[in-house]
Structures are given as C-alpha cells and as structure tokens.
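Results of the structural survey
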There are 2 protein chains.
Amino acid sequence: MQSKWLELQGLLNLQFNDVNLLKQAFTHASYRNEHRKLHVEDNERLEFLGDAVLELVVSDFLYRTYPKMPEGELTRMRAAIVCEASLVRFAKRLSFDQYIRLGRGEERSGGRSRPALLADVFEAFLGALYLDQGLEAVRQFVHTHMVPYLPDVSAGLDYKTALQELVQQRHQTPVRYVIVEERGPAHAREFVVQVELGGEVRGVGIGRSKKEAEQQAAAMALASLSEERSEERVTGVSQTD
Amino acid sequence: MQSKWLELQGLLNLQFNDVNLLKQAFTHASYRNEHRKLHVEDNERLEFLGDAVLELVVSDFLYRTYPKMPEGELTRMRAAIVCEASLVRFAKRLSFDQYIRLGRGEERSGGRSRPALLADVFEAFLGALYLDQGLEAVRQFVHTHMVPYLPDVSAGLDYKTALQELVQQRHQTPVRYVIVEERGPAHAREFVVQVELGGEVRGVGIGRSKKEAEQQAAAMALASLSEERSEERVTGVSQTD
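The rules behind each value
Residues numbered from 1 in each chain as written. Chains lettered and ligands numbered in written order. Predicted model: local features only at pLDDT ≥ 70, side-chain atom pairs only at ≥ 80, totals over all residues. Heavy atoms only, no water. Contact = heavy atoms within 4.5 Å. Buried area = accessible area lost by both parts, 1.4 Å probe. Salt bridge = Lys/Arg side-chain N within 4 Å of Asp/Glu carboxyl O. Pairing = 2+ DSSP bridges. Helix = DSSP H or I, 4+ residues; strand = E, 2+ residues; numbered from the N terminus. Axes fitted to C-alpha atoms, helices over the stretch in contact; angles between N-to-C directions. Buried < 20%, exposed > 50% of the residue type's maximum accessible area, 1.4 Å probe, protein only. UniProt positions renumbered as here; feature names shortened; annotations may be inferred. Expected span 1.5 Å × (residues − 1). Arc of directions from axis to C-beta. Core = buried A, V, L, I, M, F, W, Y, C linked by side-chain atoms within 4.5 Å. Parallel < 35°, antiparallel > 145°, perpendicular 65-115°, else oblique. Nonpolar A, V, L, I, M, F, W, Y, C, P; charged D, E, K, R; others polar. Least-squares fit on C-alpha atoms with pLDDT ≥ 70 in both. Phe/Tyr/Trp six-rings, centres within 6.5 Å; stacked < 30°, edge-to-face > 60°.

Tallying the contact residues gives 28 residues for chain B and 28 residues for chain A. Both sides of the chain B and chain A interface together cover about 2500 Å² of buried area, and 62% of this is carbon and sulfur. Ranking the residues of chain B by area buried against chain A places Arg45, Phe48 and Tyr63 of chain B at the top, with a combined share of 36%. Where chain B meets chain A, there are two salt bridges. A salt bridge links aspartate 51 of chain B to arginine 78 of chain A, with the nearest nitrogen and oxygen atoms 3.9 Å apart.

What follows is the structure, given as structure tokens:
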C-alpha cells in the first residue's frame, strides 16, 4: 500500500526518483528489527548524512544572510536552529511523526513522539533528499519549510516582552525560563535556556549571557506560536505502510 | 605583491574567480588587527562555513565508500578525519603554513605552527573555495588532496604492527600510545588515543575500545610517514603579501 508515500510527497510538493530512499528515512531501527524478512534498511546512516547536509545549508544561509555577523554569533545561531528541540518543531509542523515506521514495542512506549527520534527522522529525510536530488533541492526545501519560521534573532527586538504579551492575551499560562546548561570556561561562558509555557517546552536558546539565551528562546517560542495560529494540518494519515 | 597568491593557486592547481576570498582564508585575526586601515577581513567567518562544507563532503564520501558500515562507525571515522590533528597534517602537506598572514605578535609567539590556527586556515580555505566555485570544487579538492592520504581503516589490517615494523626499520624511536580522552556512558564508551613517535604526535584515533582507537591512530601515523617518504615540497615561499 503505497498511497502513504504518495501522500507525503504531495504534502511536501516533492517527487522522489527513488521512493525507497524516502521510506528508508522514515524507517526506525525498531521497525527493521521486527521485519527482518523484508530486508528494509533503517534511517541511521541517512541521519548521519542528513545531519551534515543540514549543517551546511544552514551555515551557508546564515553566512550570506548576516554578512557582518561574527563567527561566534553565527555558531550560536546555527546551534539553535539545528538543535533537537528545533528539528522536532519542524518535523511536527510537516506531520513527519505520522509517517514514521516504528516497531510495535517502540510504538507502544510512545516512540512516535520521542524528540530524539523525530529529530533523527527529520535529518534522515534531508539525507534522502540530498542523495535523490542533490544539495540544491535540500537548500530549496530548507528555504521553503524552515527559513520562514526561524526567529529573526538579529533584529534586536525584545522577544521576551513580545512573548509575555502574546501569552497573556491568548493563553494565560505562566512563562518560565529554565537554564538547562551552563558551559565553557569563564571567559567564554555559554548558557542554554529553554522557555516553557504552561509546563511545555516551546523554545530553546543559546547565548553568552542568560539574557541573550532567553531572548533567543523567546523568539523561537514566538515563531512556534505564530505557526500554531496559521496552521491548517492535514490529518487522518494512515499509519500502515 | 601578488605573486604569493598566484604561486599558491599554481601549487593547488586552482584558479580563484575572487582571489580576495583566498587571501581572506589565509588571514588570521591578528593580521587584521594590525592592519585596520587596509580593511582586510579575517578568516573566522570562512572557517565557520568551511567546517560545515568539509563535514558534508567527508560524510558523503564515507557514506558512499562504505555502504554497509553502521552509523556509529561512520561517525567515528568522520571525527578522525576532521579532527584538528588530521587537518593540521593536510594543511602542512599543502604548505598552507607558509601562506598565512599573521600579526607580528602572533608570528613571534609561534602562531604559524599552532595546530588550532592551521586547522582553522584549512577549513577557511575550503569555505572560500566553496563560495568561489561551489560544492563540486570542494569535493574534487578533497578527493585529490585528502582521500588518497586517508588510512583505510576498514581493511582490518593490523596497523599497529605495521607501524612498529616501519618505525624500527627507519626511525628507531619509541612508539607510544596515549589515551587522550575516555568519554560516553559505560555502554557506549569511546576512547581517543594519540600515537607519538619520538615524542611527536603523528596520529589520532577514536574507537569503542582502546585497541580500535590505537589501530586508527596507527593507520593515520602510517599514512603520514608514507607521505613523508614521497614528499617533494615547494620551499622558499615569500612570507610577505
């Protein structure tokens, strides 16, 4: 039953030359282990490749978009875009979770919504697209499906205040910033902060100060909230292959 | 005086459309700081980009060369190829150290042979080549100047024994393996080992066991020794711009 893969390609406005690459990107190791006779391959090697493809496309985008931005700042922005929390957001936005082929045990234990698993599928998909259609196709995909939803951290806006106001208007849940990690030597300290709305993580930021990391996390949360508002999600996708 | 850059391009069999990109790749921040009036840019942003370009080209190469290799093994091989010690080796092999534009203080303190600085220049050069001529040009460069010198870690040979024998024949200096790092949780332990010949680091390896890491380090040292033998280096390059 192939209509699932046709549907996904339609959703993404893409046509794979080798649809097996697409399937492989969405195949978790637990599915392969349960279907040894089918000789399907899982997505781990594609994720290895896709991780590098994404890193380059995002680096190239940032390099050209911010011609005056110092290297340290570019590195922090890249880290915020390609981190797990960010990739999960893109994967969910594209309903990737609905197409993953999981083993039964993994399905029962909630694997379909496990962040690391979703982020891996997203990277594996980019690896498959790169193999099937080359770097330009991935660049096109990133510019269509990721770039418009990136927080514009360079604008110097006060995202924390903007987020606070939006949440008060619409959600009336508390906004909480949590320092997840403090790392690096004293002269090059880095803070990783996540922002939670009503207990749910909605953004992650990395910065040289708590404030900078909070601003970035708030920007990501704002982007995710504005998406939510405009979202018209295709639903009722078949879970079988 | 531009002959230095013509010479470098001749050495690399390359012609840059924008030779300023090439110069920028070889410009350390200390040089820019001392020549503020010239408005030269340093190589830090190019290094950010080049790091990602190299990561993709090496990942792609490994993915296609070893179609059956599991993701974990690919990741370890990639790490061994793009690590600082490895990049320094490639940079020196191509005499990149002779073309770096350094500030006087940095020059006096031996910056020209500082490993991190050399590795950065190598990555920045790849970033410049990518901007000037695209991904395929970088792939071509990597396949010409890096791939032939990579240790074939998949062959299952005993590199430690081979290294021991070669060193006994030619150098008669002691071979020493040093565990630089032990990392990861107990079930996914990783060892980083370097091999020293006569006190000089000649190879680095990463593996799931000490033995595996030592084999990889020995393979890298062997590759570096066999290069040394066949080396005909262009010398006497001008240090001025």
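As a general point, the strands of a sheet are linked pairwise by backbone hydrogen bonds and lie either parallel or antiparallel. All names here are of chain B. Across the sheet, which stays open at both edges, the three strands sit in the order β1-β2-β3 with antiparallel pairing between neighbours. Every interior strand has two partners, whereas the edge strands, β1 (175-183) and β3 (200-207), have only one. Looking at each pair of strands side by side, their axes are set apart by 20° on average, direction ignored. By the bridge criterion, seven bridges tie strand β2 (residues 190-197) to β3 in an arrangement that is antiparallel. Counted as the bridge partner of valine 192 is isoleucine 206 from β3.

Here we come to the pattern of salt bridges. Residues and elements named next belong to chain A. All chains considered together, the criterion is met by 30 salt bridges over all chains. When the shortest N-O distance is used, the salt bridge between glutamate 212 and arginine 76 registers 3.2 Å. Residue glutamate 212 is located in helix α11 (residues 210-230), and its partner arginine 76 is located in helix α5 (residues 71-82); the two are separated by 136 residues in the primary sequence. With a relative accessible area of 30%, glutamate 212 lands in the partly exposed category.

Now for the UniProt feature "active site" (unreviewed entry) in chain A. The UniProt record annotates "active site" (unreviewed entry) at Asp51 and Glu123 of chain A. A stretch of 73 residues holds the annotated residues, and the largest C-alpha distance among them is 5.4 Å, short enough that they meet in one place. Checked against the element boundaries, aspartate 51 of chain A lands in helix α4 (residues 44-65). Note on aspartate 51 of chain A: relative accessible area 22%, which makes it partly exposed. Sequence-distant contacts of aspartate 51 of chain A, that is, excluding residues within four places in its chain, are made with Glu123 of chain A together with Arg78 of chain B. Looking at the secondary structure, you find glutamate 123 of chain A in helix α8 (residues 115-133).

Moving on, we get to helix α10 (residues 159-170) of chain A. Residues and elements named next belong to chain A. Over its twelve residues, α10 runs 16 Å from end to end, which matches the ideal 16 Å to within 8%, given 1.5 Å per residue. Residues of α10 that are buried: Tyr159, Leu163, Leu166 and Val167. The buried residues of α10 occupy one face: seen down the axis, they fall within an arc of 95°. Facing away from the buried side of α10, by more than 90 degrees, are the exposed residues Gln168 and Gln169.

Attention now moves to the nonpolar core. One recurring pattern in soluble globular proteins is that nonpolar side chains are buried together. Counting residues in each nonpolar core, the largest one holds 109 residues, and the members touching the most others are Phe26, Phe96 and Phe125 of chain A together with Phe26, Phe96 and Phe125 of chain B. Once residues lying within four places of it in the same chain are set aside, the contact partners of phenylalanine 26 of chain A are Trp5, Leu8, Phe96, Tyr99, Ile100, Arg101, Val121 and Phe125 of chain A.

Residue and element names in this part refer to chain A. At a minimum axis distance of 8 Å, the contact between helix α6 (residues 84-93) and α8 shows a crossing angle of 70°. Our classification of the angle between α6 and α8 gives roughly perpendicular. Touching Glu84, Leu87, Val88, Phe90, Ala91 and Lys92 of α6 are Pro115, Ala116, Leu118, Ala119, Phe122 and Glu123, all from α8. In the contact of α6 with α8, the residues fall into nine nonpolar, no polar and three charged.

Moving on, we get to unusual backbone geometry. For residues that are not glycine, phi is negative in most cases, and the peptide bond is trans in most cases. In this structure, serine 95 of chain A is a non-glycine residue whose phi angle is positive, near 60°. Assignment of secondary structure puts serine 95 of chain A in the loop between α6 and α7 (104-108). Accessibility expressed as a relative area gives 2% for serine 95 of chain A, which makes it buried. With phi around 55°, histidine 39 of chain B is a residue other than glycine that occupies positive phi space. With respect to the helices, strands and loops of the structure, histidine 39 of chain B is situated in the loop between α3 (29-34) and α4 (44-65).

This part is about the relation of the copies chain B and chain A. Relative to chain A, chain B is turned by 180° and slid 0.0 Å along the rotation axis, the superposed coordinates differing by an RMSD of 0.1 Å. The transformation relating the two chain copies, once decomposed into turn and shift, fits a two-fold axis. Most of the interface of chain B is mirrored in chain A: 100% of its interface residues are interface residues there too.

With that settled, the discussion passes to the environment of valine 58 of chain B. All names here are of chain B. Within the secondary structure layout, valine 58 lies in helix α4. Along the sequence, valine 58 and isoleucine 81 sit 23 residues apart, while their C-alpha atoms lie 7.9 Å from each other. Ignoring any residue separated from it by four or fewer positions in sequence, one finds valine 58 in contact with Arg78, Ile81 and Val82.

This part covers the pairing of strand β3 (residues 200-207) of chain A. A large share of β3 of chain A lies buried, amounting to six of its eight residues. Linking two consecutive strands that pair antiparallel, namely strand β2 (residues 190-197) of chain A and β3 of chain A, is a turn of two residues; a positive phi of about 55° is found at glycine 198 of chain A within it.

Before going further, it helps to spend a moment on the packing of aromatic side chains. Think of a pair of aromatic rings as described by two things: how far the centres are apart, and how the planes are tilted against each other in angle. Within the structure shown, the criterion is met by 20 aromatic pairs over all chains. When the ring of phenylalanine 16 of chain A is compared with that of phenylalanine 125 of chain A, the centres are 6.2 Å apart and the planes differ by 50°; the resulting orientation is tilted. In this pair, phenylalanine 16 of chain A is assigned in the loop between α1 (3-12) and α2 (19-25) and phenylalanine 125 of chain A in helix α8, connecting sequence segments 109 residues apart. Residue phenylalanine 125 of chain A is classed as buried on the basis of its relative accessible area of 0%. Ring plane angle 75° and centroid distance 5.0 Å describe the contact between phenylalanine 26 of chain B and phenylalanine 96 of chain B, whose orientation is recorded as edge-to-face. Taken together, the positions of phenylalanine 26 of chain B in the loop between α2 (19-25) and α3 and phenylalanine 96 of chain B in the loop between α6 (84-93) and α7 (104-108) put the pair 70 residues apart, joining distant regions of the chain. Overall, phenylalanine 26 of chain B belongs to the buried group, its relative accessible area being 0%.

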